[in-house]
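So you can see what is in the structure, the chains are spelled out below.
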Amino acid sequence: MSTTIITKNRFLILFIAGALVLSVGGRLLSHAPNFTPMGAFALFAGAYLAQKSRWLLFLPLGAMAVSDLFIGLYDWKLMAVVYASFLVYGILGIMAGKQKQPGKIFLATVTGSLVFYLATNAAVWIFSPWYSHDLQGLLLSYTLAIPFFKMTLLGDVFYAAVFFGGYEAAVSIGNSIARKRSISLRT
């Protein structure tokens, strides 16, 4: 029994390492605006890693920081809102990850995308000179960002399916192989 747990933990670590590399690479390589794995990675980290340590919620933020060093830094107030938004994804992952039901994961993914859209565009409206600082400016900020929201949502849903579905499928296949090996060893 302990061998299975150790193997599962090692597999989770390897899977997280791969997801981490994919998330950083997904920001650094050419991609459609906002179609990156980062939100889904934060959600996945919340669902699978936060039970081990709440500090692991900051792993996606570290991935963001590394990729930001290459992409370029921007206004620290906007960056703080972006990073806080990804922390919210992780918290949503904790809440959805208790049962790991596809519907709850999907709802958390959509909620994370929506929080990111609302928070970051409000921050752009507040902290930049691009929009008038009235209701019309705020609405314009949200309206012009709809294409980015669409890509954020599509990227989050796609990569959440890759991370959650890929991990669960791999665990299921691994368990199936382990059961077959133990059966063949007994006969």
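Our subject is the structure listed above.
Calculation notes
- Numbers given to residues run from 1 along each chain, matching the order in which its sequence is written.
- It should be noted that, the model being predicted, local features are given only for residues of pLDDT at least 70 and side-chain atom pairs only at 80 or more, the latter also being counted only at that level, while totals for whole chains, interfaces and linings use all residues.
- The side-chain values count all of the structure's non-hydrogen atoms but skip hydrogen atoms and water molecules.
- We count a stretch as a helix when DSSP gives it H or I for four or more residues in a row; a strand needs E for two or more, and each element gets its number in order from the N terminus.
- A helix's residues, less one, multiplied by 1.5 Å, set its expected span.
- Partly exposed describes any residue whose relative accessible area lies between the buried limit of under 20% and the exposed limit of over 50%, with all areas from a 1.4 Å probe on protein chains only and scaled to the type maximum.
- What the arc describes is the spread of directions from the helix axis to the C-beta atoms.
- Nonpolar cores were defined as sets of buried Ala, Val, Leu, Ile, Met, Phe, Trp, Tyr and Cys residues, with membership established by side-chain atoms within 4.5 Å.
- Contacts are assigned to residue pairs that have any heavy atoms within 4.5 Å of one another.
- We define a salt bridge as a side-chain nitrogen of Lys or Arg found within 4 Å of a carboxyl oxygen belonging to Asp or Glu.
- The convention used is that axes are lines fitted to C-alpha atoms, helices contributing only their stretch in contact, and that angles between N-to-C directions extend from 0 to 180 degrees.
- Should an angle lie under 35 degrees it is considered roughly parallel, over 145 roughly antiparallel, and from 65 to 115 roughly perpendicular; all remaining angles are considered oblique.
- Rotating anticlockwise by less than a right angle from the far helix to the near helix defines a left-handed crossing, while the corresponding clockwise rotation defines a right-handed one.
- In this classification, the charged set is Asp, Glu, Lys and Arg, the nonpolar set is Ala, Val, Leu, Ile, Met, Phe, Trp, Tyr, Cys and Pro, and all remaining amino acids, among them Gly, are polar.
- Note on ring pairs: Phe, Tyr and Trp rings are taken, using the six-membered ring of Trp, and paired if centres are within 6.5 Å. Classes follow the plane angle, with under 30 degrees stacked, over 60 edge-to-face and the rest tilted.
- Definition used: whenever NZ (Lys) or CZ (Arg) falls within 6 Å of the ring centre and also within 35 degrees of the ring normal, the charge is taken to sit over that ring.
- Exposure above 30% relative accessible area and no salt bridge define the residues that can form patches, which grow by joining like charges within 9 Å and nonpolar side chains of Val, Leu, Ile, Met, Phe, Trp and Tyr within 5 Å.
- Accessible areas in this description were obtained via Shrake-Rupley with a 1.4 Å probe; residue shielding takes into account the shown protein chains only.

Enquirer: Account for helix α3 (residues 59-71), with residues named and values stated.
Expert: With 13 residues, α3 should reach 18 Å at 1.5 Å per residue; the first-to-last C-alpha distance of 18 Å fits that figure. Positive backbone phi, at 125 degrees, marks Gly72, one or two positions downstream of α3.

Enquirer: Break down helix α6 (residues 135-144) for me, with residues and values.
Expert: The set of residues buried in α6 consists of Gly137, Leu138, Ser141 and Tyr142. Down the axis of α6, the sector holding all buried residues measures 135 degrees, keeping them to one side. Across α6 from its buried face, at more than 90 degrees, point the exposed residues Leu135 and Gln136.

Enquirer: Can you break down the nonpolar core residue by residue, with the values?
Expert: Ranked by internal contacts, the top residues of the largest apolar core, which has 34 residues, are Phe44, Phe86, Phe163 and Phe164. Per-element accounting of this core gives the leading share, nine residues, to helix α2 (residues 38-48). The contacts of Phe44, once residues within four sequence positions are left out, are Leu12, Phe15, Ile16, Leu49, Phe163, Phe164 and Tyr167.

Enquirer: Summarise the pattern of salt bridges; cite the residues concerned and give the values.
Expert: Using the criterion set out here, one finds one salt bridge in the structure. With a shortest N-O distance of 3.0 Å, Arg27 and Asp68 are connected by a salt bridge. One end of the pair, Arg27, is in helix α1 (residues 2-28); the other, Asp68, is in helix α3, and 41 residues separate them in sequence. For Arg27, a relative accessible area of 15% gives the class buried. Residue class for Asp68 comes out buried when judged on its relative accessible area of 1%.

Enquirer: Account for unusual backbone geometry, naming residues and giving values.
Expert: Even without glycine at this site, Asn34 takes up a positive phi of about 70 degrees. Position of Asn34 relative to the elements: it lies in the loop between α1 and α2. Classification of Asn34 as partly exposed rests on a relative accessible area of 29%.

Enquirer: Quick one: what's the story with the packing of α2 against helix α4 (residues 76-97), residue by residue and with numbers?
Expert: At their nearest, the axes of α2 and α4 sit 6 Å apart, and the two run at 45 degrees to each other. When the interaxial angle is binned, α2 and α4 end up oblique. Of the two elements, α2 crosses α4, and the hand of that crossing is right-handed. On the side of α2, the interface is formed by Met38, Gly39, Ala42, Leu43, Gly46 and Ala47, while α4 contributes Phe86, Tyr89, Gly90, Leu92, Gly93, Ile94 and Gly97. Residue composition of the contact of α2 with α4, by class: eight nonpolar, five polar and no charged.

Enquirer: Would you mind going over the environment of Pro60 in detail, with residue names and values included?
Expert: Along the chain, the position of Pro60 falls in helix α3. Separated by 29 residues in the primary sequence, Pro60 and His31 have C-alpha atoms spaced 19 Å apart.

Enquirer: Now, about the packing of aromatic side chains: what can you tell me, with residues and values included?
Expert: Taken as a whole, this structure holds 17 aromatic pairs when the rule is applied. Look at Phe44 and Phe163: their rings are 6.1 Å apart centre to centre, the planes differ by 50 degrees, and that puts the pair in the tilted class. Residue Phe44 is located in helix α2, and its partner Phe163 is located in helix α7 (residues 146-186); the two are separated by 119 residues in the primary sequence. Given the relative accessible area of 0%, Phe44 is considered buried. Between Phe44 and Tyr167, the aromatic rings sit 5.8 Å apart at their centres with planes inclined by 75 degrees, giving edge-to-face as the arrangement. Of the two residues, Phe44 sits in helix α2 while Tyr167 sits in helix α7, which places them 123 residues apart along the sequence. These aromatic residues form a ring-pair network of at least three members: Phe15, Phe35, Phe41, Phe44, Tyr48, Phe158, Tyr159, Phe163, Phe164 and Tyr167. Above the plane of the ring of Tyr48 lies Lys100, whose end atom (NZ or CZ) is 4.7 Å from the centre.

Enquirer: Can you lay out a nonpolar patch on the surface for me, pointing to particular residues and giving the numbers?
Expert: There is a patch of nonpolar side chains on the surface, built from Leu28, Val66, Leu69, Phe70, Ile71 and Leu73 and spanning about 640 Å² of accessible area. With four residues, α3 is the single largest residue contributor to the nonpolar patch. Within the secondary structure, Leu73 sits in the loop between α3 and α4. Residue class for Leu73 comes out exposed when judged on its relative accessible area of 61%.

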